[in-house]
Amino acid sequence: MAGTKTFTMIKPDAFADGNSGAIIKMIEEAGFAIKAMKLVRLTAENAGGFYAVHKERPFYGDLVKYMSSGPIIAMILEKENAVEDFRKFIGATNPAEAAEGTVRKLFAKSIEANAIHGSDSDENAAIEGSFFFSELEKH
Ligand code: CMP
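Everything numeric here is computed off the predicted structure, so don't read it as measured data.

Novice: Quick rundown of the packing of aromatic side chains? Include the residues and the values.
Specialist: Enumeration over the complete set of coordinates arrives at nine aromatic pairs. Ring centres of Phe32 and Phe89 lie 5.7 Å apart, and the angle between their planes is 45 degrees; this geometry places the pair in the tilted category. Pair noted here: Phe32 is in the loop between helix H2 (20–29) and strand E2 (33–40) and Phe89 is in helix H5 (residues 82–90), with a separation of 57 residues, a long-range link. The same class applies to Phe32 and to Phe89, which are both buried. An aromatic cluster is present here, built from Phe7, Phe50, Tyr51, Phe131 and Phe132 joined pairwise through their rings. The cationic tip of Lys79 hangs over the ring face of Phe32; the distance from NZ or CZ to the ring centre is 5.5 Å.

Laid out in structure tokens, this is it:
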């Protein structure tokens, strides 16, 4: 059975452009409840650890640099079928392929600076949520 939690980050480009408020409003209006939220600036080491699964990919170095270039907002969200529904809601990784009305279609600048992250499985949602939040912070 699909889980009810997912993890997201509003990425440095979207935060720096002042789009966090609009994105959070969209998230809530789409029926996702915010269970935990924090504003943090990742170090390169933090970003490298978070994206360790992509270590062998050619874009890894740039991704680490970009994700540590400014503050991000991390959130744990709750909804039925959270992971799949949230990935549909944010749109394709490459904004050129993102559907109309999705967060990435509206706010992403490029395949790298793509405004928002969404976990790709229930297992990764739990791992990624725990990367940012202690048990006490998960409501
Ligand atoms: P995200 O869904 O957070 O997961 C990995 C991130 O790597 C992705 O969003 C993009 O920000 C970044 N990225 C940069 N280049 C690529 C690429 N060619 N394919 C996939 N992801 C990329």
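Novice: Which residues make up the sheet that holds strand E4 (residues 116–118), and what values go with them?
Specialist: In a beta sheet, neighbouring strands pair by backbone hydrogen bonds and run either parallel or antiparallel. Read from one edge of the open sheet, four strands run E2-E3-E1-E4, paired in antiparallel fashion. Of all strands in the sheet, those with a lone pairing partner are E2 and E4, marking the two edges. Along the sheet, successive strands turn relative to each other by an average axial angle of 15 degrees, direction set aside. Strand direction decides the pairing type here: strand E1 (residues 5–10) and E4, joined by three bridges, are antiparallel. Residue pairing for E4: Ile10 is matched across the bridge by Ile116. Contacting E1, strand E3 (72–78) and E4, H5 crosses the sheet at an angle of about 155 degrees to E4.

Rules used throughout
- Each chain carries its own residue numbering, running from 1 in the direction its sequence is written.
- Local features in this predicted model are restricted to residues whose pLDDT is 70 or higher, and side-chain atom pairs enter the listing and the counts only when it is 80 or higher, whereas totals over whole chains, interfaces and linings include all residues.
- Here the side-chain values reflect all heavy atoms present in the structure, with hydrogen atoms and water set aside.
- Stacked, edge-to-face and tilted are the three classes for Phe, Tyr and Trp ring pairs, Trp counted by its six-membered ring, which pair at centre distances within 6.5 Å; planes under 30 degrees apart are stacked, over 60 edge-to-face, the rest tilted.
- Secondary structure counts use DSSP, requiring at least four H or I residues in a row for a helix and at least two E residues in a row for a strand, with both numbered from the N terminus.
- Whether a residue is buried, partly exposed or exposed follows from its accessible area with a 1.4 Å probe, protein chains only, as a fraction of its type maximum: under 20%, in between, or over 50%, in that order.
- Our definition puts a charge over a ring when NZ of Lys or CZ of Arg is within 6 Å of the ring centre and also within 35 degrees of the ring normal.
- Pairing between two strands is assigned when DSSP locates at least 2 bridges connecting them.
- Lines fitted to the C-alpha atoms define the axes, with helices restricted to the stretch that makes contact. Angles between their N-to-C directions range from 0 to 180 degrees.
- Contacts: residue pairs with any heavy atoms within 4.5 Å of one another.

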